[in-house]
Amino acid sequence: MTETAWELPKTIGIIGGTGKEGKGLAYRWSKAGIQVLIGSRQQEKAQAAAQDVNNLLGTTGKVQGMVNEQAAQTADLIVLTVPFAAHAAMCETVKPFVQGKIVIDVTVPLVPPKVARVQMPPEGSATRQAQLILGDDVQVIAAFQNISYENLLHDEPVECDVIVCGGNREAREVVIRLVEAAGLVGWNGGPVENAVVVEGLTSVLIGLNKQFSIQNAGIRITCIPGKKDLSD
Ligand SMILES: NC(=O)c1ccc[n+]([C@@H]2O[C@H](COP(=O)([O-])OP(=O)(O)OC[C@H]3O[C@@H](n4cnc5c(N)ncnc54)[C@H](OP(=O)(O)O)[C@@H]3O)[C@@H](O)[C@H]2O)c1
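## A closer look at the overall build of the chain
The helix and strand tally for the chain stands at 7 helices and 8 strands. Rg of the C-alpha trace for the chain: 16 Å, near the compact-globule value of 17 Å for 232 residues, within the 12% margin. Reported as C-alpha extents along the three principal axes, the dimensions of the chain are approximately 40 × 40 × 40 Å. Within the chain, buried positions represent 51% of all 232 residues. The long-range share in the chain, meaning contacts at least 24 apart out of those at least 6 apart in sequence, stands at 74%. As presented, the chain carries roughly 10700 Å² of accessible surface, and 53% of it is formed by carbon and sulfur atoms. Taken together, the 20 basic and 24 acidic charged side chains of the chain have centroids lying 4 Å from each other.

Here it is as structure tokens:
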């Protein structure tokens, strides 16, 4: 993998962005002034989702909706927010349009109905599956798997950090800055092999949500000197 110096993206394309997690991220990044393109299999559904987010933002036309392929082609950086059952096929669909780019993979390899049980694919994780499909010219980075959409669609501080794994160090740094742009705390979690930890942690958090009848259990990295605590 090449050690490119990556720049912050001007445009983010969210594949499957009509869903709960995608709309939450679109809201957060759009609020931070980044141009967001919501992707869908259907143009009309993408436009309706973009309208929903624009309504939340109190603006018109800021977030745009389009089919996934067009969002992947137009955006500088791509985010994948689709159910795991659609993950491999969606990676194949966007593959021609994401070469040379960073792809943030938010997908958790949940296998219903036992979603509180870790069930990784043979590749080791969804992120590694995406990296194998998309190839070495794409920096696939795992992030946001532990952030419930419930935490994203409002402006309150989020009591959950984001561990960022995969790709090279420079690409992870770009994603950490996007985590911060979304109002969250991000950490360099190391190489793609570590993505199994953040993806698996989601099942643990889902189990805790069930035990305590809540929707947004989270995790926090502690005792790191000099890092701002957004819960203060
Ligand atoms: N929800 C959360 O709080 C949360 C938190 C962390 C991580 N995640 C992960 O983020 C991903 C998205 O979660 P979500 O809750 O936003 O999911 P979702 O609402 O169920 O689905 C997101 C979008 O994926 C597209 N999609 C669904 N089935 C598809 C298929 N067979 N082929 C292609 N596209 C399909 C749909 O878009 P179109 O119909 O418009 O094409 C849908 O709006 C999942 O992997 C999930 O595990 C979710």
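## Notes on the environment of Ile214
By secondary structure assignment, the location of Ile214 is in the segment after α7 (195–212). Considering only alpha carbons, one finds Ile214 and Gln73, 141 residues apart in sequence, at a separation of 38 Å. Discounting chain neighbours no more than four positions away, the residues touching Ile214 are Leu208 and Asn209.

## Re the packing of helix α1 (residues 20–31) against helix α2 (residues 43–57)
Where α1 meets α2, the axes come as close as 10 Å, and the angle between the chain directions of the two elements is 45°. Between α1 and α2, the angle is such that the two are oblique. Two packed elements cross with a definite hand, and for α1 against α2 that hand is right-handed. Contacts between α1 and α2 involve Lys23, Ala26, Tyr27, Ser30 and Lys31 on the former and, on the latter, Ala49, Asp52, Val53, Leu56 and Leu57. A per-class count over the contact of α1 with α2 returns 6 nonpolar, 1 polar and 3 charged.

## Examining the pattern of salt bridges
Tallied over the entire structure, the rule returns 4 salt bridges. Notably, a salt bridge pairs Asp52 with Lys23, separated by 2.9 Å at the nearest N-O pair. Of this pair, Asp52 sits in helix α2 while Lys23 sits in helix α1; the two residues are 29 residues apart in sequence, bridging distant segments of the chain. Close ionic contact of Lys31 with Asp155 constitutes a salt bridge, the shortest N to O distance being 3.8 Å. Here Asp155 lies in the loop between β6 (139–142) and β7 (162–166) and Lys31 lies in helix α1, a separation of 124 residues in the sequence.

## Comments concerning the site of the ligand
Thr18, Ser40, Arg41, Lys45 and Val82 are the nearest of the 21 residues found near the ligand. In the environment of the ligand, an oxygen atom lies 2.6 Å from a nitrogen or oxygen atom belonging to the side chain of Thr18. Separating an oxygen atom of the ligand from a side-chain N or O atom of Ser40 is a distance of 2.5 Å. Isolated, the ligand exposes 890 Å² of accessible area, and the fraction of that covered by the protein chains is 78%. Its residues assigned to classes, the shell around the ligand shows 9 nonpolar, 8 polar and 4 charged.

## Side note on the sheet that holds β6
In spatial order, the strands read β3-β2-β1-β4-β5-β6-β7-β8; together these 8 strands make up an open sheet with mixed pairing. Of all strands in the sheet, those with a lone pairing partner are β3 (64–67) and β8 (186–188), marking the two edges. Shown here is a sheet whose adjacent strand axes are inclined to one another by a mean of 25°, direction ignored. Looking at chain direction, strand β5 (residues 102–105) and β6 are connected through 4 bridges and run parallel. Bridging from a neighbouring strand, Ile102 pairs with Gln139 of β6. Seen against the sheet, helix α6 (residues 169–181) touches β1 (11–15), β4 (77–80), β5, β6, β7 and β8 and runs at an angle of roughly 155° to β7.

Definitions and cut-offs
- Residues numbered from 1 in each chain as written.
- Predicted model: local features only at pLDDT ≥ 70, side-chain atom pairs only at ≥ 80, totals over all residues.
- Heavy atoms only, no water.
- Helix = DSSP H or I, 4+ residues; strand = E, 2+ residues; numbered from the N terminus.
- Rg over C-alpha atoms; globule rule 2.2 N^0.38 Å.
- Buried < 20%, exposed > 50% of the residue type's maximum accessible area, 1.4 Å probe, protein only.
- Contact = heavy atoms within 4.5 Å.
- Areas by Shrake-Rupley, 256 points an atom, 1.4 Å probe, with all protein chains shown as cover.
- Lys, Arg positive; Asp, Glu negative; His and termini not counted.
- Charge placed at Lys NZ, Arg CZ, Asp CG, Glu CD.
- Axes fitted to C-alpha atoms, helices over the stretch in contact; angles between N-to-C directions.
- Parallel < 35°, antiparallel > 145°, perpendicular 65-115°, else oblique.
- Left-handed = near helix turned anticlockwise from the far one by under 90°.
- Nonpolar A, V, L, I, M, F, W, Y, C, P; charged D, E, K, R; others polar.
- Salt bridge = Lys/Arg side-chain N within 4 Å of Asp/Glu carboxyl O.
- Near = heavy atom within 4 Å.
- Polar contact = N/O pair within 3.5 Å; in protein donor to acceptor, adjacent residues only side chain to side chain.
- Pairing = 2+ DSSP bridges.

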